[in-house]
Each structure stands twice: as C-alpha cells, then as structure tokens.
Amino acid sequence: MISIPQYPLYSASIAELGAVQINYYLNEEKCWSLDISELQRSLQAARKHCNPRVLCIINPGNPTGQVQSRQCIEDVIQFAAKENLFLMADEVYQDNVYAKGCEFHSFKKVLFEMGPEYSKKVELASFHSTSKCYMGECGFRGGYMEVINMDADVKAQLTKLVSVRLCPPAPGQALMDLVVNPPQPGEPSHQTFMQERTAVLSALAEKAKLTEQILNTVPGISCNPVQGAMYSFPRITLPERAISEAKAKGQAPDMFYCMKLLEETGICLVPGSGFGQREGTYHFRMTILPPTDKLKLMLNKLKDFHQRFTQQYS
C-alpha cells in the first residue's frame, strides 16, 4: 500500500518485484493529510484480488511536503496492528520541518510510547539517508534502515539479501555516522555545525513560505503549505483546449504543460502524473532548493507563463 501522490521509486520497485501496487490517496483538501478511512477503503478493495502485506508511509511527504501529526501516526500504527500489516516508514526528510505547529514524530518512538500491546507486535522498518534533509549529500550514497519485530525467518532472509550486495563507498558510510552522531556541545566543531545547520533550515523555511505565497497569487494555481521536506506540489487548473491538445499528442496534460514551460522559460518542473494523482486533477512538483533571489525570479516567470498559457488555450 503506497500513498498517491508517491515517490516513484516505490511503484518501480513493486513492478520490478512482481508485487501488487495498492494505492491510497492523501487528502489534498486537508493539506495532504492521511485519513484512516481511506486506508480502510483501499485495503478492503485490494483484498478482493490480492493479499495486502505492507503499508508504506512517507513522512515528511515527497512530493507533497506534508508533516503527519502524532495522532495520525498513532492511528496508522493501530490500523497496521489490527490488519496485520508490515509498516515501512520513509523518514528521510525528518529534519526538514518548517510550518508552525508541525513537528516530526518517528514511527519507532511513537510505537514504543504506545506500550507493549503495539511495541511487541507491529513489524516496522524505518529509513533514513544522507542524501536529504539539511545534509543533501546526494553524491555520498549513505543510508540505513532499522527493523523492529521482524519475524526471525524473514529477517534471516533479509540478512542474506543485504549481505550479498555491495556496500556504499567508505565516505558515504562515514557521513552516515556523522548524520546519526552529530557534533555535541563542548566539541570543537559543534558551534560551526549548529550555525550551518540553522542557516540551511531557516533558509529552506523562508523559501517554503515564499513558494506557497507567490503560487497562491496566481489564478488557476493552488498550493498547500509546504510543511516539510523540499518540495511543493501545487494543483493547476488547465483549459479544456490544452487538455485536448495534450491528449492528441499522446501526453498527460500536466506533462504537456511542463514541456511548454521548459521550452518557453527553461524552467524544469516534474508533472504530477509522474507521482500519481486523483483522476481529473493536475499538479507539478517543484523544489524549494534554489537560492532565494533565483527562486523569486523563477516563481515570477512561472506566474507569467501560467497566465499566458491559460490565455492561449482558453
């Protein structure tokens, strides 16, 4: 079971392994929140043709940028326990939380605070990486997973699979150690580390707010608050003529939109159809990583393009 919109690596891995992809939809009207009723609907529908075994949660969200509440995480854990589902918690953006009132809660921490009824029963794998968050060291290729309560026989097979793979390069492993064991107070580099970390996260928070504010001034674009991670996933309203022309070219309408944007402005966005979306809706994913001055310039170019595009095809 994977969220829609989703990180495409999940659907690709499911297809490669010959498994069954079960979609559950995040609630865009409630800032891409996760509803247990939607999980239940998805699970019941899937059980008519397969045996669901795994529930995957991305928190903070990619591509949607939401941060799930602690209550939501408790509800998901209770749901997984009731339905006997293995939980996969993709938490690689855990340090990137910007919105007021939002806070990251790890599935493992919440699971153990809920007591032995759940902490001794629910199977959980949590993921983290050096490639995301404030580190963003994509070239070093370091990461880890922590497995809780996995069946002993299954864990033995997992150990075999991991053992026959090549390990990441040594610098990536060293950097991963620094991610989980950062400089501590009193150590020589702690002050510099905290200054750099605070500067990076403060800049990202500013750009998250800026992106939301500017996009929401554009008629036909609606952007939820970027609560965390590194992306916005705004919804776009496309004229019927544009949708018809896209279909005539064999393209998804939001791909058609993004290609026109790229050709006219040089701005590269990822169409929402690449991540999955509700039928009849269109989106794009945009990173908040560019420097603030360049981000403002890009957002204003995007604003002008959308107005021209809408006028051209209306």
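Residues numbered from 1 in each chain as written. Predicted model: local features only at pLDDT ≥ 70, side-chain atom pairs only at ≥ 80, totals over all residues. Heavy atoms only, no water.

## A closer look at the packing of aromatic side chains
Applicable threshold: Pairing of aromatic rings covers Phe, Tyr and the six-membered ring of Trp, with a centre-to-centre limit of 6.5 Å; geometry is then stacked below 30 degrees between planes, edge-to-face above 60, and tilted otherwise. Helix numbers and strand numbers start at the N terminus; a helix is a DSSP run of H or I with at least 4 residues, a strand a run of E with at least 2. Exposure classes here rest on a 1.4 Å probe applied to the protein chains alone. A residue is buried below 20% of its type maximum, exposed above 50%, and partly exposed in between.
In total, this model carries 11 aromatic pairs according to the counting rule given. Taking 5.8 Å as the distance between ring centres and 85° as the angle between the ring planes, the aromatic pair formed by Phe-233 and Phe-275 counts as edge-to-face. With Phe-233 in the loop between strand E8 (231-232) and strand E9 (235-236) and Phe-275 in the loop between strand E10 (270-271) and strand E11 (284-287), this pair connects stretches of sequence that are 42 residues apart. Residue Phe-233 is classed as buried on the basis of its relative accessible area of 3%. Ring geometry for Tyr-257 and Phe-284: centres 6.3 Å apart, planes at 5°, overall stacked. Of this pair, Tyr-257 sits in helix H10 (residues 253-265) while Phe-284 sits in strand E11; the two residues are 27 residues apart in sequence, bridging distant segments of the chain. Pair check on accessibility: Tyr-257 and Phe-284 agree, each one buried. Put simply, the rings of Phe-256, Tyr-257, Phe-284, Phe-305, Phe-309 and Tyr-313 pair up and form one aromatic cluster.

## Side note on the side chain of Gln-68
This is how it is decided: Two residues qualify as a contact provided that any one of their heavy atoms is within 4.5 Å of a heavy atom in the partner residue.
Mapped onto the elements of the fold, Gln-68 is located in the loop between strand E3 (54-58) and helix H3 (70-83). Every residue in contact with Gln-68, bar those within four places of it in the chain, is listed here: Leu-26, Trp-32, Ser-33, Leu-34, Asn-59, Ile-73 and Glu-103.

## Some thoughts on the sheet that holds E10
Cut-off, in case you're wondering: Pairing between two strands requires that DSSP report at least two bridges joining them.
The strand order E8-E11-E10 describes an open sheet built from 3 strands, whose pairing is antiparallel. The open sheet terminates on both sides in strands that have one partner only, identified here as E8 and E10. Pairing of E10 with E11 involves 2 bridges; the strand directions are antiparallel. Bridging from a neighbouring strand, Pro-271 pairs with Phe-284 of E11.

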